[in-house]
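Residue strings, one per chain:
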Amino acid sequence: MVRELVSAGCVGVASQPVTIWYRSSDRSRRYTPDLDVRFATPPPELLGSSGDRRFLVEVRPFDQLRVSPVEWAALVAVVRAATGLPLILLSAASAGGPR
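Residues numbered from 1 in each chain as written. Predicted model: local features only at pLDDT ≥ 70, side-chain atom pairs only at ≥ 80, totals over all residues. Heavy atoms only, no water.

1. Description of unusual backbone geometry
Reasoning step 1: Look at Q16: it is not a glycine, yet its phi comes out positive at around 40°.
Reasoning step 2: With respect to the helices and strands, the residue Q16 is situated in the loop between β1 (10-15) and β2 (20-24).
Reasoning step 3: Positive phi is not limited to glycine here, since S25 has a value of about 50°.
Reasoning step 4: With respect to the element layout, S25 can be found in the loop between β2 and β3 (27-31).
Reasoning step 5: Overall, the relative accessible area of 62% leaves S25 in the exposed class. (Helix = DSSP H or I, 4+ residues; strand = E, 2+ residues; numbered from the N terminus. Buried < 20%, exposed > 50% of the residue type's maximum accessible area, 1.4 Å probe, protein only.)

2. Considering the sheet that holds strand β4 (residues 35-39)
Reasoning step 1: Strand order in the open sheet formed by four strands is β1-β4-β5-β6, with mixed pairing between adjacent strands. The open sheet is flanked by β1 and β6 (87-91), the only strands paired with a single partner. When strand polarity is set aside, the average angle formed by the axes of neighbouring strands in this sheet is 30°.
Reasoning step 2: The strands touched by helix α2 (residues 69-83) within the sheet are β5 (54-60) and β6, with β6 carrying the most contacts at an inclination of about 130°. (Pairing = 2+ DSSP bridges. Axes fitted to C-alpha atoms, helices over the stretch in contact; angles between N-to-C directions. Contact = heavy atoms within 4.5 Å.)

3. Examining the nonpolar core
Reasoning step 1: With eight residues, the main nonpolar core is built from I20, Y31, L56, W72, L75, V79, L85 and L87.
Reasoning step 2: Top contributing element to this core by residue count: α2, with three residues.
Reasoning step 3: Aside from chain neighbours lying at most four places away, what touches L87 is Y31, P33, L56, V57, E58, W72, L75, V76 and V79. (Core = buried A, V, L, I, M, F, W, Y, C linked by side-chain atoms within 4.5 Å.)

4. Re the side chain of D52
Reasoning step 1: Looking at the element boundaries, D52 is found in the loop between β4 and β5.
Reasoning step 2: Look at D52 and you get buried, because its relative accessible area is 15%.
Reasoning step 3: Looking at D52, its side chain comes within polar contact range of the side chain of R80, at 3.1 Å.
Reasoning step 4: Apart from the residues lying within four places of it in its own chain, the contact partners of D52 are P42, R80 and P86. (Polar contact = N/O pair within 3.5 Å; in protein donor to acceptor, adjacent residues only side chain to side chain.)

Function-wise, these values are silent; they only describe arrangement.
In structure tokens:
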């Protein structure tokens with residue numbers, strides 16, 4: 001998927017573009033996505049994301065996917081509320097690489 005992201009009309013990439021502060025379990029937390037990726041035309045795999053052309057991306061090796069689906073959904077919601085942008089996960093598993 002990385003190759004597709006870069007070759008599919010990508011017009012800009014920024015590293016660690018923003019830090020988002022939020023509260024969870026009565027604690028102050030912060031989250032910084034790895035990338036901000038902008039497309040002229042998003043790749044087909046991302047078209048289900050409400051027509052967005054800009055995405056925040058979390059990159060994780062497969063063996064470091066230690067977040068539950070509930071925690072991930074909560075983080076996606078926090079990021080969308082704070083930035084208006086979708087958050088996607090890019091890992092070896094999602095990129096079709098070795099596990």
